[in-house]
Amino acid sequence: MSENKDQKFVYDFTEGNKDLKDLLGGKGANLAEMTNLGLPVPPGFTITTEACKVYLDSGDEPVELRDEVTAHLDALEKKMGKKLGQADNPLLVSVRSGAKFSMPGMMDTVLNIGLSDTSVEGLAQQAGDERFAWDSYRRLIQMFGKTVLGVDGELFEEALEEAKAAKKVTVDTDLDAADLKKLVKQFKKIVKAEAGRDFPQDPREQMDLAIKAVFDSWNGERAKLYRRQERIPHDLGTAVNVCSMVFGNLGPDSGTGVAFTRDPASGHQGVYGDYLQNAQGEDVVAGIRNTVPLADLESIDKKSYDQLMQIMETLENHYKDLCDIEFTIERGQLWMLQTRVGKRTAGAAFRIATQLVDQGLIDEAEALQRVNGAQLAQLMFPRFDEKAAVEQVGRGIAASPGAAVGKAVFDSYTAVKWSRSGEKVILIRRETNPDDLDGMIAAEGILTSRGGKTSHAAVVARGMGKTCVCGAEELEVDTKRRRMTVPGGHVVEEGDVVSIDGSTGKVYLGEVPVVPSPVVEYFEGRMHAGADDADELVQAVHRIMAYADRVRRLRVRANADNAEDASRARRFGAQGIGLCRTEHMFLGDRRQYVERLILADTDAERDEALKALLPLQKDDFVELFEAMDGLPVTVRLLDPPLHEFLPDITELSVRVALAEARKEPHENELRLLQAVHRLHEQNPMLGLRGVRLGLVIPGLFTMQVRAIAEAAAQRIEAKGDPRAEIMIPLVGTVQELELVRDEAEQVIAEVQAQTGVELKLALGTMIELPRAAVTAGQIAECAEFFSFGTNDLTQTVWGFSRDDVEASFFTAYLEKGIFGVSPFETIDKDGVGALVRSAVEAGRATRPDIKLGVCGEHGGDPESVHFFHEVGLDYVSCSPFRIPVARLEAGRAAAQSSGSDSR
């Protein structure tokens, strides 16, 4: 039932336009637009998405729909001069789906509705071609049986193959009218046996059932899966287009085809598409017969070819974009069945956008909206050569894009050792932890059998621009025996070559050749956009990025922990460092000093351990400030729990037990084991970490602040321009921040007195706990800046343990529609986003000049960047490799909001 009796559910093609996609779907809106342009479109009408929503919500069509369909069908019959399914000269129609967003092949279509045992004879007489009529009838029964009545489509295919085998032919067109009559009888028997009813002979019943089937197909499994993949909302519904049939299967002077106004793969202008003589549309899509290039149509039917070229030019100029066109030629008469803005590759998107600017069809602001960050990211990573012969052995989560090839290694030590000797390696682990950092840096790529897109391996790999596939559960990783078993029982031993594709999650045996990305060479300064050898793609990327940088308000910083990453980030366009994680400076050879700190029994031992760490930290910061000279560098004081710096409890227990059995000295191992037990927490991510560490372990944060201050002073003395910002992690109350700030200011004053150098070091905090967000107004009294740590804020708002939930139930949540996308990939605007928005408002109310940024992984997510622009942050910070993406999306967000304001 519909609530509004005045609501209109059916529109003639002459009544709509391309701007009514929400109501008429993309196909219906564009059929109406082509009709308005005077192009040859078969007459018809569109049933709106609103009718579909009523049907899906209530289980029945709106009561008004049947009368509206009847009225529009009557008008169509008068226009065509014949009635649906009449015995002589019958009107036939197609019933096609058409949602707002293109979902090719995901929903249902039925052609030739109106044919029956009697009207097929009339069609044969009308067309003067008996074979054509019976071929059209068998197609209707086949499509209707599968789509509307739920009959297994393979049964029809098997019957068709049997008919061809009996005739000793290989293609459908070699079956004559007598053969097709027999096939129709066989198809009707299949329908009766499988559906429990006869194929309907009433043409109106055929149409009504087909309309309902299209509505139902919106919630088909393939449609739901496609929407999840493409992030299309599930509540839009589909429109239904009822269109008078035109036939491409009337003989050699008829045919059907698909055309593109530009090459969707490259963006180059030319004649692109496929054509098939004596066929209906599904023959092209299904690949049942071999098509010919669209250019061949010129020699087959020059009149139709010339008309099509003219229409293609008209459509591209009208839509101001690449158009995808479906057409049919019926005995020399060209008919347009569909147009839409065509899908394209990432490279084509950038090329076409700049080409259209040069042609004067769009301006730079519109060109910026024609591309997106996901496309740019796709262009930046090396890719495997798709033409190469490959042996796929598994698939995991595409965690960090790229193509990596190397010898399999199963621990970080081996990865580093082999890498130093010139070997390319793939680090394979069940899961990674901070101890694996050296190996991850050394490896060409990382493969894990556990974890998700925001696991340690994934986050660190993205930060390094390193290819990573996570959660490949079908691969059995045995790190002790240094081997991996793949489905089928094949064993990959250490040293065997494997290839991983971080863009698809696929894992291959052996070496798959890769194609390098010139776009990365451009961003790193190895290729100048104006150079003679710079290709058209690089020039297009350069032009669009330059415009994005001109219009964006958000600044873009990098998450970088060392001078090498900082330098690369700066080449990629970073305007500072938004997150330097100091815990990464305590790994490797320095781990012994952290162990001494943890094992210290006296103040003197603790002070000695901190004293040993101080010059090492200072040198790190000097290098970092030099790499980012003149730009802000936000240094986060130590954040993770201390147990992460100690050996694994199981490994230690084994070492102690073996030493005791062998009566070997093991005092240090025993102390470490005791420390591990002492520091053990049930939920360490909510335990002794962040600011709590600084308050509980005397001297820890002050050592780090001193290292930052002394490094800044040294750079100033060297005529540098360090702009250090000290960030306190995991603050939940202003009192915590006040205590740390008092200590920090005292240390900074001491360094100033010792060096005679004036230091301007900003102190602020991360907002990563709900309480911090709620009390942001109070915290702003003590903080000069906020940086939203949206990774932990998402965990604490949702009550999720990130590494656990992605593996355990996120797939189910995505399938059930609870999530449209993981909240760790794209910011949860309604929950986490609401806290960010309120914290921004409260922070600025207390301190109008407070600097606001984000340093979680969301800082490089395209959709999230738009949200951060909207709420008024000053900058986003992300891994170096995602900086160009953030720059592009920040420009797009600014251009969109500017366009909205102007309207």
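Here is a short report on the structure shown in this document. For clarity, every value in this text was computed on a predicted model and none was experimentally measured. (Residues numbered from 1 in each chain as written. Predicted model: local features only at pLDDT ≥ 70, side-chain atom pairs only at ≥ 80, totals over all residues. Heavy atoms only, no water.)

Tracing the backbone shows Thr448 in strand E16 (residues 445-448). Ignoring anything within four residues of it in the chain, the contact list for Thr448 reads Arg429, Arg430, Glu431, Thr432, Ala457, Val469, Cys470, Gly471 and Ala472. (Helix = DSSP H or I, 4+ residues; strand = E, 2+ residues; numbered from the N terminus. Contact = heavy atoms within 4.5 Å.)

So, about the nonpolar core. Counting residues in hydrophobic clusters, the biggest one holds 154 residues, and the most contacted among them are Phe350, Leu376 and Val541. With 10 residues, helix H27 (residues 700-717) is the single largest residue contributor to this core. Ignoring any residue separated from it by four or fewer positions in sequence, one finds Phe350 in contact with Val371, Gln375, Leu376, Leu379, Leu537, Ala540, Val541, Ile544 and Leu888. Within the second largest apolar cluster, 58 residues are counted, among which are Leu73, Leu84, Ala133 and Phe144. (Core = buried A, V, L, I, M, F, W, Y, C linked by side-chain atoms within 4.5 Å. Buried < 20%, exposed > 50% of the residue type's maximum accessible area, 1.4 Å probe, protein only.)

What follows covers the packing of helix H34 (residues 832-846) against helix H35 (residues 862-871). Two elements in contact, H34 and H35, have axes separated by 10 Å at closest approach and are oriented at 30 degrees. Between H34 and H35, the interaxial angle falls into the category roughly parallel. Relative to H35, the crossing made by H34 is right-handed. Across the interface between the two elements, Gly833, Val836, Arg837 and Val840 of H34 pack against Phe867, Glu870 and Val871 of H35. When grouped by side-chain class, the residues that make up the contact of H34 with H35 number four nonpolar, one polar and two charged. (Axes fitted to C-alpha atoms, helices over the stretch in contact; angles between N-to-C directions. Parallel < 35°, antiparallel > 145°, perpendicular 65-115°, else oblique. Left-handed = near helix turned anticlockwise from the far one by under 90°. Nonpolar A, V, L, I, M, F, W, Y, C, P; charged D, E, K, R; others polar.)

Trans is the common state for peptide bonds, and a negative phi is the common state for residues other than glycine. Phi at Lys320 is positive, roughly 55 degrees, even though this residue is not glycine. Here Lys320 is to be found in the loop between helix H12 (302-319) and strand E9 (323-330). A residue is classified by how much of its surface remains accessible, and Lys320, at 37% relative accessible area, is partly exposed. The backbone of Lys719 sits at a positive phi, close to 70 degrees, despite the residue not being glycine. For Lys719, the location among the structural elements is in the loop between H27 and strand E27 (723-728). Overall, the relative accessible area of 77% leaves Lys719 in the exposed class.

Two elements in contact, helix H22 (residues 591-599) and helix H23 (residues 603-627), have axes separated by 8 Å at closest approach and are oriented at 155 degrees. Of the possible angle classes, the one that applies to H22 and H23 is roughly antiparallel. H23 is crossed by H22, and the crossing has left-handed handedness. Facing Tyr593, Arg596, Leu597 and Leu599 of H22, the residues of H23 in contact are Glu605, Arg606, Ala609, Leu610, Ala612, Leu613 and Leu616. In terms of residue class, the contact of H22 with H23 is made up of eight nonpolar, no polar and three charged.

One pass over the full model with this rule turns up 26 aromatic pairs. Considering the side-chain rings of Phe381 and Phe881, the 4.3 Å spacing of their centres and the 45 degrees angle between planes classify their relative orientation as tilted. Highlighted residues: Phe381 in the loop between helix H15 (373-380) and strand E11 (383-384) and Phe881 in the loop between strand E31 (875-878) and helix H36 (883-902), separated in sequence by 500 residues. Across the pair, exposure class does not vary: Phe381 and Phe881 are buried alike. A ring pair is formed by Phe786 and Phe788, whose centres lie 6.4 Å apart and whose planes are at 80 degrees; its orientation type is edge-to-face. Overall, the relative accessible area of 1% leaves Phe788 in the buried class. Pairwise contacts between aromatic rings join Trp798, Phe800, Phe809, Phe810, Tyr813, Phe819 and Phe824 into one cluster. Seen from the ring of Tyr11, Lys8 lies directly overhead, with NZ or CZ sitting 5.0 Å from the centre. (Phe/Tyr/Trp six-rings, centres within 6.5 Å; stacked < 30°, edge-to-face > 60°. Lys NZ or Arg CZ within 6 Å of the ring centre and 35° of its normal.)

With that out of the way, let us pick up the pairing of E16. Residue alternation in E16 divides its side chains into two sets, Gly445 and Leu447 and Ile446 and Thr448, and both sets are buried. Two elements, strand E15 (residues 425-429) and E16, share four bridges in a ladder whose sense is parallel. Along E16, the bridge assignment pairs Arg429 with Thr448. Across three bridges, E16 lies against strand E17 (residues 467-470) in parallel orientation. For Ile446, the partnering residue across the bridge sits in E17 and is Cys468. (Pairing = 2+ DSSP bridges.)

Taking 1.5 Å of rise per residue, 18 residues should cover 26 Å, and H12 covers 25 Å from first to last C-alpha, within 8% of that figure. Tucked inside the fold, the buried residues of H12 contact helix H1 (21-36), strand E6 (255-262), strand E7 (269-277), helix H11 (297-300), E9 and strand E10 (333-341). Immediately downstream of H12, the backbone of Lys320 shows phi near 55 degrees, a positive value. (Expected span 1.5 Å × (residues − 1).)

Reading across from one edge, E18-E19-E20 is the order of the three strands in this open sheet, with antiparallel pairing throughout. Because the sheet does not close on itself, it has two edges, and the strands there are strand E18 (476-478) and strand E20 (491-493). Strand-to-strand twist across the sheet, computed as the mean angle between neighbouring axes with direction ignored, equals 15 degrees. As defined by bridge partners, strand E19 (residues 483-485) adjoins E20 across three bridges and the pair is classed as antiparallel. Within the sheet, the bridge partner assigned to Arg483 lies in E20 and is Glu493.

On to the environment of Lys146. Within the secondary structure, Lys146 sits in helix H5 (residues 130-147). A C-alpha to C-alpha distance of 9.7 Å links Lys146 and Ala195, two positions 49 residues apart in sequence.

Read across the open sheet, the five strands follow the order E1-E2-E5-E3-E4; overall the sheet is antiparallel. At either end of the open sheet lies a strand with only one pairing partner, and these are strand E1 (10-12) and strand E4 (109-113). Taking the axes of each pair of neighbouring strands and ignoring which way they run, one obtains an average angle of 20 degrees across the sheet. Packing against the sheet, H1 makes contact with E1, strand E2 (44-47), strand E3 (93-99) and strand E5 (238-244), and its axis sits at approximately 125 degrees to E3.

Side-chain pairing between opposite charges can occur once the charged atoms of the two side chains come close. Under the counting rule described, the total for this entry stands at 56 salt bridges. In this structure, Arg344 engages Asp321 in a salt bridge whose closest nitrogen and oxygen atoms are separated by 2.7 Å. With Arg344 in the loop between E10 and helix H13 (346-358) and Asp321 in the loop between H12 and E9, the pair connects residues that are 23 residues apart, well separated along the chain. Asp321 matches Arg344 in its accessibility class, with the two residues each being buried. Measuring nitrogen to oxygen at the nearest pair gives 3.4 Å for the salt bridge that ties Arg483 to Glu493. Highlighted residues: Arg483 in strand E19 and Glu493 in strand E20, separated in sequence by 10 residues. On the basis of relative accessible area, Glu493 is assigned to the partly exposed category, the value being 33%. Taken together, the shared-partner salt bridges connect Arg131, Asp135, Arg138, Arg139, Glu161, Lys164 and Asp172 into one network. (Salt bridge = Lys/Arg side-chain N within 4 Å of Asp/Glu carboxyl O.)

Bringing a nonpolar patch on the surface into the picture now. A contiguous nonpolar patch, built from Leu695, Val696 and Leu739 and spanning about 260 Å² of accessible area, is present on the exposed surface. In this fold, Leu739 is placed in helix H28 (residues 734-755). Its relative accessible area of 49% is what places Leu739 among the partly exposed residues. (Patch = residues over 30% accessible without salt bridge, like charges linked within 9 Å, V, L, I, M, F, W, Y side chains within 5 Å. Areas by Shrake-Rupley, 256 points an atom, 1.4 Å probe, with all protein chains shown as cover.)

E15 sits mainly inside the fold: five of its five residues count as buried. In the sheet, strand E14 (residues 403-409) pairs with E15 via three bridges, with the strands oriented parallel. Within E15, the residue paired with Ala408 across the bridge is Ile426.

Relative to the elements of secondary structure, Asp620 occurs in helix H23. By relative accessible area, which is 17% here, Asp620 ends up buried. Spatially, the C-alpha atom of Asp620 lies 29 Å from that of Leu873, the residues being 253 residues apart in sequence. With residues near it in sequence (within four places) discarded, Asp620 still touches Met585 and Arg590.

Looking at the element boundaries, Arg887 is found in helix H36. The exposure class assigned to Arg887 is buried, which follows from its relative accessible area of 8%. If sequence neighbours within four positions are ignored, Arg887 has contacts with Phe523, Met545, Ala548, Asp549, Arg552, Val556, Phe572 and Gly573.

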